[in-house]
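One letter stands for each residue in the lines below.
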Amino acid sequence: MANWSVRKILTVTTILSIIVGGLAGLGAGTLAPQLASTSSQPREIYLFPVELPFNDTVAGIPHYVFNPSMIVVNKGDTVLIHFYQPTDESHSFTIVAPYSKDVTLPVAALTNIPKTDISFVAGTAGFFVYHCKFHPPTMTGTLQVIG
């Protein structure tokens, strides 16, 4: 390589930075509408009760929570929740209108983990609380419908 002056190196670096930055901006501008698209899609969620490691009798509150505790979908999405129940207590997935679902799964056995599928179209935007009717107030979550 020839002897390059500091000025020449800075000029080439600046030109390359402008080109790379422009290409990155072009790419981001092209992809952004696709990433922000709110077209209806199927959304598949796996939902489990999780037992936290503390004595619920001593604490005075249930030691169960939902995982995940936040479900985010777009308005118009078809939501399919696979609800599994691997614990030694019954649990429910209960959500009020406009989605109105109330499903209870029994205690898990050594050879059987109860499971059900809950399906609906997310037609109303907003925040909607889902909960287990057997373990309030700790076993709650939020469905966020964007749109």
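Rules used in this analysis
Residues numbered from 1 in each chain as written. Predicted model: local features only at pLDDT ≥ 70, side-chain atom pairs only at ≥ 80, totals over all residues. Heavy atoms only, no water. pLDDT = per-residue confidence, 0-100. Contact = heavy atoms within 4.5 Å. Salt bridge = Lys/Arg side-chain N within 4 Å of Asp/Glu carboxyl O. Helix = DSSP H or I, 4+ residues; strand = E, 2+ residues; numbered from the N terminus. Buried < 20%, exposed > 50% of the residue type's maximum accessible area, 1.4 Å probe, protein only.

### Topic: the confidence of the model for the chain
Thought 1: Per-residue confidence for the chain gives a mean pLDDT of 85, with 75% of residues at or over 70.
Thought 2: This model gives residues 28-36 a pLDDT under 50, and the stretch forms zero contacts once residues within four places in sequence are excluded.

### Structural notes on the pattern of salt bridges
Thought 1: Applying the stated criterion across every chain yields a total of three salt bridges.
Thought 2: We note a salt bridge from D77 to R43, for which the minimum N-O separation is 2.6 Å. Placement of D77 in the loop between β3 (70-74) and β4 (78-84) and of R43 in strand β1 (residues 42-51) is noted, with a sequence separation of 34 residues between them.
Thought 3: According to the relative accessible area criterion, D77 is buried, its value standing at 0%.
Thought 4: D102 is the salt-bridge partner of K133, the closest N and O atoms lying 3.0 Å from each other. One end of the pair, K133, is in the loop between β8 (126-131) and β9 (140-146); the other, D102, is in strand β6 (residues 101-105), and 31 residues separate them in sequence.
Thought 5: The class of K133 is partly exposed, set by a relative accessible area of 39%.

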